[in-house]
Amino acid sequence: SSSSSSGSGDPVAAYVHLPFCKRKCHYCDFPVTAIGTRVTAPHVQESMLRYVDAVVAEIGATPVLGATPLSSVYFGGGVRA
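Starting afresh in each chain, residues are numbered from 1 along the sequence in its written order. Where local features are concerned, this predicted model is filtered to residues with pLDDT of at least 70; where side-chain atom pairs are given and counted, the filter is 80 or more; whole-chain, interface and lining totals use all residues. Working from all heavy atoms in the structure, the side-chain values ignore hydrogens and water.

## As for the state of the cysteines
Note that a disulfide, as used here, is simply two cysteine sulfur atoms within 2.5 Å. If you walk through the whole model with that rule in mind, you get zero disulfides. Note on Cys 21: no disulfide assigned, nearest cysteine sulfur contributed by Cys 28 at a separation of 6.2 Å.

Written as structure tokens, this is what we have:
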């Protein structure tokens, strides 16, 4: 996830990628972990929890970094293809 300041007062948005997919789509340029049908496997659950913890930590660091407040947050990825 990231945001960038335009410096012009324009709204700033962030995209949070959810990198856990059933399979890697041929057109996808994002880093993903293809988990197939193993959603409840302990190692998959641990990876998901570590990812969520990292996203929460990044959100918590945003005020410290002095980033411009966000007007929108988009969540994507994890297509059930």
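Right, picking up where we left off after that structure.
## Notes on the environment of Leu 70
Counting from the N terminus, the helices are DSSP H or I runs at least four residues long and the strands are E runs at least two residues long. Note on placement: Leu 70 falls in the loop between helix 1 (42-65) and strand 4 (72-77). The classification of residues rests on relative accessible area computed with a 1.4 Å probe and restricted to protein chains. Under 20% of the type maximum is buried, over 50% is exposed, and intermediate values are partly exposed. With a relative accessible area of 39%, Leu 70 lands in the partly exposed category. Taking the C-alpha atoms as reference points, Leu 70 and Ala 13, separated by 57 residues in sequence, lie 5.3 Å from one another.

## Looking at the packing of aromatic side chains
Centres within 6.5 Å make a pair out of two Phe, Tyr or Trp rings, where for Trp the six-membered ring is used; the pair is then stacked when the planes are under 30 degrees apart, edge-to-face when over 60, and tilted otherwise. The full count for this structure, using the stated rule, is two aromatic pairs. Between Tyr 15 and Phe 30 the ring centres are 5.5 Å apart and the planes differ by 35°, which places this aromatic pair in the tilted class. On the criterion of sequence distance, the pair formed by Tyr 15 in strand 1 (residues 13-18) and Phe 30 in the loop between strand 2 (20-21) and strand 3 (33-34) is long-range, its members being 15 residues apart. Since its relative accessible area comes to 40%, Phe 30 is described here as partly exposed.

## Quick look at the environment of Ala 13
Assignment of secondary structure puts Ala 13 in strand 1. Taking the C-alpha atoms as reference points, Ala 13 and Ser 71, 58 residues apart in sequence, are found 5.7 Å from one another.

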